[in-house]
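Chain by chain, the residues run as shown.
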Amino acid sequence: MIKILEKLSSRDLEILNIIQKKGPITKNNLQAIADIKLTSLNRVMKTLQDIKIIMEHGESESTGGRKAIEYDVSQTRFYIIGIDISRTYAQLIITNMKLSILSKEEFLMDESYSPEKTVKNITSIIEQMLLDLSIKKNEVLGIGIGTVGPINREKGIILKPKSFFNTNWINVHIKAMIEESIAITCFIDNGANTAVLCEYLYGNSKKLKSVAYIHCGVGIRSAIIKSGIIIRTMNDREDAFGNMIVEYNGELSKGGNCGNIESYSSIDSIIKKINSKTKDNTKLISEINYSKTLNSEVHNNDIATEVVNKGAEILGIGLSNLVRLLNPELVILSGPLIMNLENYYEKSIDSFYRINTMDNRVTFSKGGRFQKNVIALGAAAMIIEFYLKRSW
């Protein structure tokens with residue numbers, strides 16, 4: 001299937017890209033968007049239909065005349081695998097060219113999950129998912145991996161991430177390890193980048209020019225896309241927002257900065273502050289299963305309430321700085337803290353509006369359109385964009 005796509009001309013790919021993003025679509029609408037002569041369009045459409053990557057989808061609604069045929073990309077024969085590797089879990093999905101999820105699996109990662117064990121588990125799950133769906137490996141366009149940074153994107157290496165429970169996640173050649181294990185081509189990017197790509201191309205922000213994505217978990221990960229181009233940081237790091245200093249001489253973070261957002265507003269910092277102030281050792285909160293106890297602690301423990309409220313307040317201050325600096329039209333807040341901790345999202349947004357006096361006209365979203373699936377779906381979208389010869 002990869003060789004089929006590689007043989008397509010740039011004009012073929014342009015038309016395929018429009019159909020993939022906007023289908024089902026009529027030939028008249030396709031012609032208007034692509035600004036192409038009908039004879040040329042017919043030649044391209046025949047090429048795409050011959051290789052069965054597009055198909056007739058049905059007929060458009062009648063406006064009084066003959067109904068026009070609509071076209072869309074094939075729902076079969078071309079598949080993509082997306083993987084989200086976080087510090088505490090891994091999620092795997094299989095999609096078709098429309099980015100519809102056909103299968104999804106997830107597993108938690110504790111201190112026993114070395115890179116080798118993780119890759120072995122990923123490989124086993126993928127093999128079973130393909131078997132269950134009767135998909136052959138040569139029908140898979142590739143595996144996209146959205147992971148915790150920092151990374152070397154070109155070489156497919158996870159460099160030296162913070163806060164993995166297993167300490168062996170240093171200079172991990174994750175791309176090569178998975179390719180060798182399952183014999184499918186892999187591409188890697190920061191998970192925050194794959195998430196913002198997915199929301200920009202397929203989410204509720206399709207008509208917007210600039211979108212920011214903030215993932216609040218064990219650490220704080222961020223990405224921004226403007227006019228279809230991801231704004232990349234030095235060394236492809238995804239913690240630029242988390243390292244923004246908002247309180248001079250403030251708390252020390254794992255990254256070495258004092259008073260940055262991550263030192264107040266991440267799971268790691270919140271749990272450590274609560275535990276440091278808790279006198280009863282039997283009530284210490286574990287980073288692995290924090291979600292089961294943190295909400296309860298916030299309701300029943302004044303210390304926990306104070307720490308969590310401070311984290312939300314600092315996050316709101318950081319969001320105000322981000323919006324003033326880059327003026328995104330949409331800011332998506334996601335991750336375990338946002339999605340699982342009661343009222344954390346609302347308190348952060350309240351903090352933003354209390355100190356933000358500018359008319360930025362920014363919209364906030366809790367989880368975006370794709371919620372917990374966004375990083376893995378974005379990793380799959382990255383594969384599609386690669387073969388359609390678009391940048392991400």
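The shown structure was predicted, so the numbers you read here are calculated from the model rather than taken from an experiment. (Residues numbered from 1 in each chain as written. Predicted model: local features only at pLDDT ≥ 70, side-chain atom pairs only at ≥ 80, totals over all residues. Heavy atoms only, no water.)

Draft legend 1. Representation of the overall build of the protein chain in the model. For the protein chain, the count of helices and strands is 14 helices and 15 strands. The C-alpha atoms of the protein chain give a radius of gyration of 23 Å, which matches the 21 Å a tight globule of 392 residues would have. Projecting the C-alpha coordinates of the protein chain onto the three principal axes gives extents of approximately 75 × 50 × 35 Å. Expressed as a percentage of its 392 residues, the buried residues of the protein chain come to 55%. (Helix = DSSP H or I, 4+ residues; strand = E, 2+ residues; numbered from the N terminus. Rg over C-alpha atoms; globule rule 2.2 N^0.38 Å. Buried < 20%, exposed > 50% of the residue type's maximum accessible area, 1.4 Å probe, protein only.)

Draft legend 2. The sheet that holds strand E1 (residues 25-26), seen in detail. Spatial strand order, E1-E3-E2: 3 strands in an open sheet with antiparallel pairing. With partners counted over all chains shown, the strands left at the sheet margins are E1 and strand E2 (54-59), one partner each. Across 2 bridges, the pairing between E1 and strand E3 (residues 69-73) is antiparallel. Note on E3: the bridge partner recorded for isoleucine 25 is tyrosine 71. Across the face of the sheet, helix H4 (residues 38-50) comes into contact with E2 and E3 while running at roughly 105° to E2. (Pairing = 2+ DSSP bridges. Contact = heavy atoms within 4.5 Å. Axes fitted to C-alpha atoms, helices over the stretch in contact; angles between N-to-C directions.)

Draft legend 3. Seen up close, the sheet that holds strand E5 (residues 89-96). Ordered by their spatial adjacency, 5 strands build an open sheet running E6-E5-E4-E7-E10, and the pairing between neighbours is mixed. Looking at the sheet topology across the chains shown, the edges are occupied by strand E6 (101-108) and strand E10 (186-190). On average, each strand axis in the sheet is tilted by 15° relative to the strand beside it, whichever way the strands run. As judged from the 6 bridges shared by strand E4 (residues 79-85) and strand E7 (residues 140-147), these two strands associate in the parallel manner. Looking across to E7, one finds that aspartate 84 is bridged to glycine 146. Across the sheet, helix H6 (residues 174-182) is in contact with E4, E7 and E10; its angle to E10 comes to roughly 150°.

Draft legend 4. Unusual backbone geometry, seen in detail. The omega torsion of the bond from glycine 23 to proline 24 falls at 0°, within 30 degrees of zero and hence cis. Within the secondary structure, proline 24 sits in the loop between helix H2 (10-22) and E1. Here the bond from glycine 149 into proline 150 is cis, since omega is 5°, no more than 30 degrees from zero. Looking at the element boundaries, proline 150 is found in the loop between E7 and strand E8 (151-152). Even without glycine at this site, asparagine 327 takes up a positive phi of about 50°. Looking at the secondary structure, you find asparagine 327 in the loop between helix H11 (302-326) and strand E14 (330-334). Judged by its relative accessible area of 42%, asparagine 327 is partly exposed. The residue asparagine 343 is not glycine, and still its phi comes out positive at about 70°. Mapped onto the secondary structure, asparagine 343 falls in the loop between helix H12 (336-340) and helix H13 (344-355).

Draft legend 5. Here's a closer look at the packing of helix H5 (residues 115-133) against H6. Between H5 and H6, whose axes approach to 10 Å, the crossing angle comes to 45°. Comparing the axis directions of H5 and H6 gives the class oblique. Seen from above, H5 lies across H6 with right-handed handedness. Between H5, through Pro115, Glu116, Val119, Thr123, Ile126 and Glu127, and H6, the contact on the second element is made entirely by Ile174, Met177, Ile178, Ser181 and Ile182. Looking at the contact of H5 with H6, its residues break down into 7 nonpolar, 2 polar and 2 charged. (Parallel < 35°, antiparallel > 145°, perpendicular 65-115°, else oblique. Left-handed = near helix turned anticlockwise from the far one by under 90°. Nonpolar A, V, L, I, M, F, W, Y, C, P; charged D, E, K, R; others polar.)

Draft legend 6. Geometry of the packing of aromatic side chains. A complete count under the given rule lists 8 aromatic pairs for this structure. With a centroid separation of 5.0 Å and an interplanar angle of 85°, the aromatic rings of phenylalanine 386 and tyrosine 387 are classed as edge-to-face. Residue phenylalanine 386 is classed as partly exposed on the basis of its relative accessible area of 34%. Taken together, the ring pairs connect Phe187, Phe386 and Tyr387 into an aromatic cluster. One cation-aromatic arrangement involves lysine 310 over tyrosine 264; the distance from NZ or CZ to the ring centre is 5.9 Å. (Phe/Tyr/Trp six-rings, centres within 6.5 Å; stacked < 30°, edge-to-face > 60°. Lys NZ or Arg CZ within 6 Å of the ring centre and 35° of its normal.)

Draft legend 7. Representation of the state of the cysteines within the structure. Taken as a whole and judged by the stated rule, the model has 0 disulfides. Unpaired in terms of disulfides, cysteine 186 finds its nearest cysteine sulfur in cysteine 198, a separation of 19 Å. What makes cysteine 186 buried here is its relative accessible area of 0%. Cysteine 216 provides the cysteine sulfur closest to cysteine 198, a residue in no disulfide bond, and the two sulfurs are 19 Å apart. (Disulfide = S-S within 2.5 Å.)

Draft legend 8. Structural detail: helix H7 (residues 191-202). Compared with the 16 Å implied by 1.5 Å per residue over 12 residues, the 16 Å span of H7 between its first and last C-alpha is a close match. Where burial is concerned, most of H7 is hidden: 12 out of the 12 residues are buried. Among all positions of H7, only Gly191, Ala192, Asn193, Thr194, Ala195, Val196, Leu197, Cys198, Glu199, Tyr200, Leu201 and Tyr202 are buried. (Expected span 1.5 Å × (residues − 1).)

Draft legend 9. Region of interest: the pattern of salt bridges. One pass over the full model with this rule turns up 12 salt bridges. Its salt-bridge partner being glutamate 127, residue lysine 137 comes within 3.2 Å of it at the nearest N-O pair. Taken as a pair, lysine 137 in the loop between H5 and E7 and glutamate 127 in helix H5 lie far apart in primary sequence, 10 residues in all. Using a relative accessible area of 33% as the deciding quantity, one classes glutamate 127 as partly exposed. Between lysine 162 and aspartate 239 there is a salt bridge whose closest N-O contact spans 3.9 Å. (Salt bridge = Lys/Arg side-chain N within 4 Å of Asp/Glu carboxyl O.)

Draft legend 10. Up close: the environment of alanine 376. Examined against the element boundaries, alanine 376 turns out to sit in helix H14 (residues 374-387). Alanine 376 gets classed as buried once you look at its relative accessible area, which sits at 0%. In the structure, alanine 376 is positioned 230 residues away from glycine 146 in sequence and 6.4 Å away in space, judged by C-alpha atoms. Here alanine 376 is in contact with Gly82, Ile83, Asp84, Gln91 and Ile93, once residues within four sequence places are set aside.

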